[in-house]
Each structure stands twice: as C-alpha cells, then as structure tokens.
Amino acid sequence: MSDALFPADYLEARDRYRAFMDEHIYPSEAAIEREDDDSFLLLDELRDRARAEGLWAPHVPPEAGGTGLGFLYYACLNEEIGRSLYAQLVFGCQAPDAGNAEILHLFGTEAQKEQFLRPLVAGEVRSFFAMTEPDVAGSDPTLLRTRAVRDGDDWVIDGHKWFSSGADGAGFAIVFAITDPEAEQHRRGTMLLVPADAAGVEIVRSVPVMGHAGRGWNTHCEVRFEGVRVSVENVLGGEGEAFRLAQKRLGPGRIHHVMRWLGQMQRAFELMCRYANEREAFGGPLAEKQTVQNWVADSAAEIQACRLLTMDAARKIDEGSEARVEVSLLKFYAANALVQVIDRAIQVHGARGLTDETPLAQMALHARAARIYDGPDEVHRMVVARRILKSFRDGDGWSFAD
Ligand SMILES: Cc1cc2nc3c(=O)[nH]c(=O)nc-3n(C[C@H](O)[C@H](O)[C@H](O)COP(=O)(O)OP(=O)(O)OC[C@H]3O[C@@H](n4cnc5c(N)ncnc54)[C@H](O)[C@@H]3O)c2cc1C
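Residues numbered from 1 in each chain as written. Predicted model: local features only at pLDDT ≥ 70, side-chain atom pairs only at ≥ 80, totals over all residues. Heavy atoms only, no water.

## Regarding unusual backbone geometry
Moving on, step 1. Cis peptide bonds are those with omega within 30 degrees of zero, and the linkage from Ala95 to Pro96 qualifies with 0 degrees.
Moving on, step 2. Despite not being glycine, Phe163 has its phi angle at roughly 60 degrees, a positive value.
Moving on, step 3. Position of Phe163 among the secondary structure elements: in strand S3 (residues 154-165).
Moving on, step 4. The partly exposed category is assigned to Phe163, whose relative accessible area is 36%. (Helix = DSSP H or I, 4+ residues; strand = E, 2+ residues; numbered from the N terminus. Buried < 20%, exposed > 50% of the residue type's maximum accessible area, 1.4 Å probe, protein only.)

Have a look at this one:
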C-alpha cells in the first residue's frame, strides 16, 4: 500500500520509531524475554530512553500525558511497534494499559484522571481489565456474574475473574460488574475503578498460558473480589454504561491489535523469504520449490488483504462509525492470517524455526491467542453474518463500496 494513504505526521514519527527499534529493541529482545531481574532493569532503561526521545505513550494525546496525534496516527504506528513483542512495553502503550488509558481519557472525571490516568500514562503504575470470568462464557458478556451492590455512597463488589492480563503487580483495575440485573440486558453492567490494594481484592494466581506463567506485565491472572468497597466516585462513564464503554474500548483496540499482528506477519514473512533464498536442499534453494513459493505468494496476498481491510475499518472508525462488520471481519481474518504466516515461516526454517535462534517460536506462541482474545473467531463471524443477512432481510442488501 502506498505511503500516501498514511497520515503525514505518522510517516515522520515512523522513521523515529523504526530507528529506535533497530538500535535498542531488537538487540534487547533475547534479554527481555528471560523475564529475570536484569530484564526488568533493562526494560526500565529502555523506557527512560523512549521518554527522553519523545516516543512515550503514543496512544494518548499530550493533554493526557502522551505523544499521540489521534486515532489513525496510533493505529498506523502499531504496524511498526508490533514487529517486536516487547516494543509496546518500551513505548508505554502495552495492553491492557493502553485501552484502559483510552477509556479513562474519554470517560473519566477530572478526579479519576488525576488519581488513575496520570500515573498510568506516566508509567508509574500498571492496570488490568477484569471482565472475563471462569464460570461463564466470556464471548457473551450478558452472562457475567460479578455483582456490585450499592451501599450508601459505596459500591460493594463480589466476583471471580480470570485472564486479567497484567494483574500481577498492577496498581488498579477496571472491573466490569453487574449493578442492575433487572435492567435491559445491555444496561446491567457498570465499570468500576478499583485500587488493587483495596480490602477484598485477591490475586489468586497467574494462570499459566501454553506452559508460561509469566511475571508482572506478562501474566493472565485469576482474581477474586470479596466485599470490595469503592466509592460511587469510582464509577467510570456512568452507571449502566459498561457495555457501551466496552464497545468503545474494543472497536479501536481490535484495529490496534491487527496492526500489531501485521507487524508480526511482515517480520515472519521477511524471515521466511530470506531463509528460502539461502537454504539449499535437493539441488537448489528452498525458494525454487513450488510449495515454498505458494507459501510466499499466499502470505503476501493475506498480508496485503489485512492491511487494506485494516485501513478501511480504521478510516471508518476515524469518521465516527462503529464499523462493526468491518472490525469483526478483519479481526477473525487477520488472526488466522497471523497464525498461518508465522506457521509457514517456521516450516521453512525446519527445526531452527522452533529454536530461540529466530523470534518465530515466541511469535507463534503469542499468535495463537489472537484467535480467542477480544472475541473468538466464531463470534466475529457470527456478528458479520448476522448483520449482513439482516441488511438483506431489510431490503438493503450489502454494498462493499460504502
Ligand atoms: C492472552 C489472553 C489475554 C486476555 N486478556 C484479558 C483481559 O485482560 N481481561 C479480560 O477480561 N479478558 C481477557 N481475556 C479473555 C478473553 O477476552 C476471552 O477468552 C474471550 O472473550 C472468550 O471467552 P472465553 O474464553 O470464556 O470463551 P467462551 O466464551 O467460553 O467460548 C469458548 C469457545 O466457544 C466457541 N463459541 C463461542 N460463541 C460461539 C458462537 N456464537 N458460535 C460458535 N462458536 C462459539 C468459540 O470457539 C470459543 O472459542 C484474554 C484472553 C487471552 C487468551
């Protein structure tokens, strides 16, 4: 896709992020991956350097403490940042903090911004987003059971969450709780800001994911809330607004995910093409085998399709549309392309593809989750099909040109 389609201020910033990643992030990946004390010190150093170079917190604008220049700017930037699994952390825009900061910026009161947003964007604390529960299907949030009951000027929360990413060592949570079970289905939930040290918050364990329990930012925790009291001042965006806020957070968030996946796909693709040209078997380079050529061609087509789908959905969101169909079809299509492209790159590398000599094995490990988090493939396919079929029933058909 031509660079002309990207915002001009993004293109200027891209060169600076690219240079920083070449110089500081790629050479540090192996050390960061070890997740020992030294790796955390190294991360701190890199984060300080990113701040000093004006590359900090590109997901929020300067008035919120960041360096961002709007939704499209940050969406595009994720394609660069996404090439390394650790760059989000270095630039202070890691999930779920980035999404949490965005909704705090959009919907927080001045007091909430001072107490929660300012230290979050400054990197003084981390946060988690507690929505998914082990006992009910996360795909269907109308089933959520965590309850908050009003008692005077407080809400009292009881519930059981898991897959709270980054909860280990976080300073606060945004908790999705049912506050009015009698209300219309999508008005039942409220988001509450909960300090992690509030009485009754228990981080039960970091749930190992594909054999990896992680540490700090790289955890997915089981969390219990038992009689946790927060003031009514801690309601984020209004009572009964949780579904609307979740949608506001997830739509743009999915664009950011896919742009990062595009960064991963392109890195895997480059490794695959280079290795296919170098490695020889049965009388010539792998690049001359038609199966390998098919993998290269299919991957190129999928990557380009994902880029165009992403830019289309991002522009519609930027123009104020929710772009529900565009975002959902992009989410499941890109998650599968991501898994496929990385898998082909591993296959071309043979056994080396499974070692730590390339980033591919780590990339594959993280990629598989993409087909599940922020809505499994099947749910996004359902959203796409239902909306298109309804449009046909209503007599409007479906135009790909709009
Ligand atoms: C790495 C990772 C990080 C995460 N981080 C967070 C976080 O920070 N905070 C948070 O709250 N949650 C987080 N999640 C949870 C995530 O959002 C949920 O896993 C997701 O919403 C799916 O819910 P579930 O796991 O309960 O699966 P379920 O809803 O139980 O679904 C199980 C399977 O059922 C099938 N299915 C569901 N609905 C349909 C349908 N309509 N048609 C056909 N098949 C269907 C799908 O194949 C689906 O995979 C994270 C998950 C992962 C993997």
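Having seen it, we continue.
## Here's the deal with the site of the ligand
Moving on, step 1. Not every one of the 18 residues close to the ligand is listed here, only the nearest: Phe129, Thr132, Gly138, Ser139 and Phe163.
Moving on, step 2. Backbone polar atom of Gly138 to an oxygen atom of the ligand: 2.7 Å apart, as the coordinates give it.
Moving on, step 3. Within the side chain of Glu378, one N or O atom sits 2.9 Å away from an oxygen atom of the ligand.
Moving on, step 4. The protein chains hide 67% of the 980 Å² of surface that the ligand would expose on its own.
Moving on, step 5. The set of elements that each furnish at least two residues to the shell around the ligand consists of S3 and helix H12 (377-393).
Moving on, step 6. Examining the composition of the shell around the ligand, we find that three residues originate from one element, H12, more than from any other. (Near = heavy atom within 4 Å. Polar contact = N/O pair within 3.5 Å; in protein donor to acceptor, adjacent residues only side chain to side chain. Areas by Shrake-Rupley, 256 points an atom, 1.4 Å probe, with all protein chains shown as cover.)

## Some words on the side chain of Glu79
Moving on, step 1. Among the structural elements, Glu79 can be located in helix H4 (residues 71-81).
Moving on, step 2. Taking relative accessible area as the criterion, Glu79 reaches 5% and is therefore assigned buried.
Moving on, step 3. Of note is the side chain of Glu79, whose polar atom sits 2.6 Å from the side chain of Gln266.
Moving on, step 4. Here Arg307 takes part through its side chain, which lies 2.7 Å from a polar atom of the side chain of Glu79.
Moving on, step 5. Filtering out sequence-adjacent residues up to four positions away, Glu79 remains in contact with Phe6, Met259, Leu262, Gly263, Gln266 and Arg307. (Contact = heavy atoms within 4.5 Å.)

## With respect to the pattern of salt bridges
Moving on, step 1. Within this structure, the stated rule accounts for 24 salt bridges.
Moving on, step 2. Ionic pairing is found between Glu80 and Arg18, a salt bridge with its closest N-O pair at 2.9 Å. Note that Glu80 is positioned in helix H4 and Arg18 in helix H1 (residues 8-25), a separation of 62 residues in sequence.
Moving on, step 3. According to the relative accessible area criterion, Arg18 is partly exposed, its value standing at 35%.
Moving on, step 4. The partner of Arg34 in a salt bridge is Asp36, and the shortest N-O contact between them spans 4.0 Å.
Moving on, step 5. Bridged by salt links that share partners, the residues Glu114, Arg118 and Glu124 form one connected network. (Salt bridge = Lys/Arg side-chain N within 4 Å of Asp/Glu carboxyl O.)

## Observations concerning the layout of surface pockets
Moving on, step 1. Each pocket or cavity is described by its volume, and for the second largest pocket that value is around 550 Å³.
Moving on, step 2. Forming the walls of the second largest pocket are 25 residues, and the residues nearest its centre are Phe71, Leu106, Lys248, Pro252 and Ile317.
Moving on, step 3. Listing elements by their share of the lining of the second largest pocket, those giving two or more residues are H4, helix H6 (97-107), helix H8 (242-278) and helix H9 (290-318).
Moving on, step 4. Top element by residues in the lining of the second largest pocket is H8. It accounts for six residues. (1 Å grid on protein atoms, 1.4 Å probe; cavity = no way out; pocket = protein on both sides within 12 Å on 5 of 7 lines; lining within 4 Å. Points joined across faces, edges and corners; volume = space filled by probe spheres on them.)

## Looking at empty space enclosed by the protein
Moving on, step 1. Under the definition given, this model contains one cavity of 30 Å³ or more.
Moving on, step 2. As a volume, the largest cavity reaches approximately 30 Å³.
Moving on, step 3. Every residue along the wall of the largest cavity is listed here: Gln94, Ala95, Pro96, Asp97, Arg126, Ser127, Gly166 and Trp217.
Moving on, step 4. Looking at side-chain class alone, the lining of the largest cavity contains three nonpolar, three polar and two charged residues. (Nonpolar A, V, L, I, M, F, W, Y, C, P; charged D, E, K, R; others polar.)

## Concerning the side chain of Ser84
Moving on, step 1. Tracing the backbone through its elements, the reader meets Ser84 in the loop between H4 and helix H5 (87-90).
Moving on, step 2. The class of Ser84 is buried, set by a relative accessible area of 2%.
Moving on, step 3. Non-local contacts of Ser84, meaning those with residues more than four positions away in its chain, are made with Met21, Ile25, Tyr26, Glu29, Gln264 and Arg267.

## Regarding H6
Moving on, step 1. The buried count for H6 comes to nine of eleven residues, which makes it a mostly enclosed element.
Moving on, step 2. Among the residues making up H6, those that are buried are Asp97, Ala98, Gly99, Asn100, Ala101, Glu102, Ile103, Leu104 and Phe107.

## Observations regarding the environment of Ile157
Moving on, step 1. In this fold, Ile157 is placed in strand S3.
Moving on, step 2. For Ile157, a relative accessible area of 0% gives the class buried.
Moving on, step 3. Once residues lying within four places of it in the same chain are set aside, the contact partners of Ile157 are Thr146, Arg147, Ala148, Val175, Leu192, Val194, Phe225, Glu226, Gly227, Val228 and Val230.

## Here we look at the state of the cysteines
Moving on, step 1. In the structure shown here, the tally under the stated rule is zero disulfides.
Moving on, step 2. Take Cys93: it sits in no disulfide, and the sulfur closest to it among the cysteines is that of Cys76, at 14 Å.
Moving on, step 3. On the basis of relative accessible area, Cys93 is assigned to the buried category, the value being 0%.
Moving on, step 4. Free of any disulfide, Cys273 has its nearest cysteine sulfur in Cys306, 16 Å distant. (Disulfide = S-S within 2.5 Å.)

## Some words on the pairing of strand S2 (residues 147-151)
Moving on, step 1. Where S2 and S3 come together, five bridges link them in antiparallel fashion. Bridging across to S3, Val149 finds its partner in Val156.
Moving on, step 2. Between S2 and S3, which pair antiparallel and follow one another directly, the connecting turn spans two residues, one of which, Gly152, has a positive phi of 65 degrees. (Pairing = 2+ DSSP bridges.)

## A closer look at the nonpolar core
Moving on, step 1. Tyr17, Val90, Phe91, Ile255, Trp261, Met265 and Ile342 are the most contacted members of the largest nonpolar core, which has 64 residues in total.
Moving on, step 2. Mapped onto this core, the elements with two or more residues apiece are H1, helix H3 (37-52), H4, H5, H8, H9, helix H10 (324-349) and helix H11 (360-369).
Moving on, step 3. Discounting residues that sit within four places of it in the chain, Trp261 has contacts with Lys331, Ala334, Ala335, Leu338, Ala370 and Tyr373.
Moving on, step 4. Counting residues in hydrophobic clusters, the runner-up holds 27 residues, among them Trp56, Leu144, Phe172 and Ile178. (Core = buried A, V, L, I, M, F, W, Y, C linked by side-chain atoms within 4.5 Å.)

Read these as spatial facts, not as claims about activity.
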